[in-house]
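What the coordinates show
The lines below spell out each chain.
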Amino acid sequence: MTKITFDSVQTGQELAPFTKKVNQEIFWKYAVASFDYNPVHNDPEWVKTAQPFKVPYTVAHGMMTMSFMTSVVTNWAYPNMLRIRKITSKFTLPVAPGWTVKCTGVISEKHVISKGKNYVVVDLKAENQEGALLGVGEIEVVFPD
Amino acid sequence: MNRINFERFFKTEKQKQFSTDFFKNAGEYETWDEINFSTDKEFDGEQTFTIKAEDMKAYAEGVLDDHALMNDEKYAQKSPYGSLVPHPIFITQIAFWCIGTKGQGNWIRTPGARNPGQDFEFYEPFRVGETIHIKMRPYDRYIKRGKYYLKYKIDFYSQKEVKKATWILTLILPRTKADIKKFVEGVRGLDA
Amino acid sequence: MSRINFERFFKTEKQKEFSTDFFMDAEDYEVWNEIDFANLEEVDGERTFEIKAEDIKAYAEGCLDDNPFMTDEEYAKKSPYKGLIAHPLFVTPIIFYCVGKKGRGNWIRTPGARNPGQEIEIYDPFRVGEVIHIRLRPYDRYIKRGKYYLRYKIDMYNQQNIKKATCISTLILPPTREDMRKFLKGQRGLTD
């Protein structure tokens, strides 16, 4: 495993994207994986009339979108033994079955504190196949050096 | 370099005493790349601030706020507050005064510094008659879109050690002493 | 009301045990306008979560992440991590499992709840073999643009009482029991 140093990272650096096409089966599998059985994600019949998001179809779990955004960072951080400390997110558009969710991340801040406390902030974005914004996030990643 | 005549605007004792020349001691200001983050030690400000009615009124007037609770002592005395209530951002005046010119935190005076936004928490209102001291420490330092940000955490206490407020004070600074020197000479000392 | 056959997707013991019907106990769920904010005492979750390799792998698979540190025990054992390392959002199944159906925090199961975004701090990665318990309390409740937000602070500890993570869990909820009951009947129980 190659390790990167804190000195070597720069703001503006882009991480490799994480892109997945989603569908109702993936929503069901995520419900099982997360224990979140909220019918807005799982029950197409119920949602036709209940419409919590004012749309008559099921939508992806926000936590799944957040997980996708986080995978952008873990793909970079885990092989380099970097520690993910804090994750925040906001969801801006519910994700419909059939959409492609593309998550991208860019290092936006570099916090120069001291050895063991230096960290970067990665700004994340999730967009669908038409470029509509699905969510944003920020993840703090701490470096050992 | 102090060409502006501020004296015509002075109203309070502190305003008359406080040096208006932020260039003068610039060679001694803490700089972004030299701040020591290896310790969590807190530092005291250079001086304390005894709040007088004139200080609160002058701040409200300075921000063009004619609210009677901040300006009219008699009115404020008859209100449920019992006395003048400062504008919340009155804390700015206290911080600049207490930090002083030579002590820790003096980077807030850096010519060329830019204010990106601030973060305050208030626990208890400041009151006339209180003597405020501050405790501060380096909080965060980072680069974002080519700009160099520095943050200090400043806690404000009364003479009875009651915590009155906390300010996470943030400025975008010139990065090095050489960059500050450029600003002192009237040249832009920033890349972004 | 649990018409969907989830069983074909079950992989782990906990998934087989966990009730998939979020409607069944809905009358016991805490409701936005009934939460007692005068009592901010922390309480325990209904149960604990003993982390098995299958749990970590199942979560990674559920969010379509084939990172071998999360899914390949052999690979992870040979790495500096010396074992599987969980996806950071693995806090999600832990919370749902530990909160349970009847205990404090069960509002997270409310049919019709909407997720506006979350906040998670991770202090120490979750590991196979750890037994996680949670402590939770009401954190905030507000109305914004006609939507009713509820937030709980959930701290997660292992069996040695080492704090592993903190989640500020936030959902937009139907504000009253009446509104929630509408969702149980398949009607929209929100006014925004």
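Residues numbered from 1 in each chain as written. Chains lettered and ligands numbered in written order. Predicted model: local features only at pLDDT ≥ 70, side-chain atom pairs only at ≥ 80, totals over all residues.

1. Structural notes on the overall build of chain C
Keep this limit in mind: Numbering of helices and strands runs from the N terminus, with a helix taken as a DSSP run of H or I at least four residues long and a strand as a DSSP run of E at least two residues long. Radius of gyration means the value over C-alpha atoms here, while the globule rule gives 2.2 Å times the residue count to the 0.38 power. Exposed residues have 12 or fewer other C-beta atoms within 10 Å of their own C-beta, buried residues have 20 or more, and residues in between are partly exposed; the C-beta atoms are placed from the backbone. By definition, residue pairs are in contact when their C-beta atoms, positioned from the backbone, come within 7 Å.
The helix and strand inventory of chain C stands at six helices and six strands. Along its sequence from the N terminus, chain C presents helices and strands in the succession α-β-β-α-α-α-α-β-β-β-β-α. Its C-alpha radius of gyration of 18 Å places chain C within 12% of the 16 Å reference for a compact globule of 192 residues. The 192 residues of chain C split such that 42% are buried. Of all intrachain contacts in chain C linking residues separated by at least 6 positions in sequence, the fraction that spans at least 24 positions is 69%.

2. A short note on the domain arrangement of chain C
Residue and element names in this part refer to chain C. Basically, it comes down to this: The split into domains, and so the bounds of each, comes from an automatic or database assignment of domains. Each residue receives one of three labels: charged for Asp, Glu, Lys and Arg, nonpolar for Ala, Val, Leu, Ile, Met, Phe, Trp, Tyr, Cys and Pro, and polar for the others, Gly being one of them.
For chain C, the assigned domains are domain 1 (22-50 + 89-192) and domain 2 (52-85). Using C-alpha coordinates to define each centre, domain 1 is positioned 26 Å away from domain 2. Contacts between the two partners involve seven residues from domain 1, matched on the other side by nine residues from domain 2. Split by residue class, the side of domain 1 that touches domain 2 holds five nonpolar, no polar and two charged.

3. Examining the interface of chain C and chain A
The test is simple: The criterion for strand pairing is that DSSP finds at least two bridges linking the strands in question.
Taken together, the contact between chain C and chain A spans 44 residues of the former and 43 residues of the latter. At the level of secondary structure, the elements contributing two or more residues to the side of chain C that touches chain A comprise α2 (53-62), α5 (91-99) and β3 (119-122) of chain C. For the side of chain C that touches chain A, the residue count by class is 25 nonpolar, twelve polar and seven charged. Examined bridge by bridge, strand β2 (residues 83-91) of chain A and β3(C) share three bridges and lie antiparallel to one another.

4. Let's talk about the interface of chain B and chain A
Each side of the interface is counted separately: chain B has eight residues, and chain A has eight residues. By residue class, the composition of the side of chain B that touches chain A is three nonpolar, one polar and four charged. Pairing between strand β3 (residues 100-111) of chain A and strand β4 (residues 131-144) of chain B: three bridges, direction antiparallel. In the strand pairing of β4(B), A:Glu109 is matched with B:Lys144.

5. Quick notes on helix α1 (residues 24-34) of chain A
Burial within α1(A) is extensive, with eight of its eleven residues counted as buried. Among the residues of α1(A), A:Phe27, A:Trp28, A:Lys29, A:Tyr30, A:Ala31, A:Val32, A:Ala33 and A:Ser34 are the ones counted as buried. Check the buried side of α1(A) and you find it contacts α2 (39-42) and α4 (62-77) of chain A together with α1 (13-17), α2 and α5 of chain C. After α1(A) finishes, the residue A:Phe35 shows a positive phi value of roughly 70°.

6. Here we look at the nonpolar core
Nonpolar side chains in soluble globular proteins tend to end up buried together. Quick note on the threshold: Nonpolar cores are built from buried Ala, Val, Leu, Ile, Met, Phe, Trp, Tyr and Cys residues. These are joined into a set through C-beta atoms within 7 Å.
In terms of nonpolar packing, the biggest core is built from 94 residues, with A:Val141, C:Cys63, C:Val91, C:Ile94 and C:Ile95 touching the most fellow members. Looking at this core, the element that brings in the most residues is α4(A), giving eight residues. Setting aside residues no more than four positions away along its own chain, C:Ile94 makes contact with C:Phe49, C:Ile132 and C:Met156. The next biggest cluster of nonpolar side chains, apart from the first, holds 38 residues, and it includes B:Ala60, B:Tyr148, B:Phe156 and B:Ile180.

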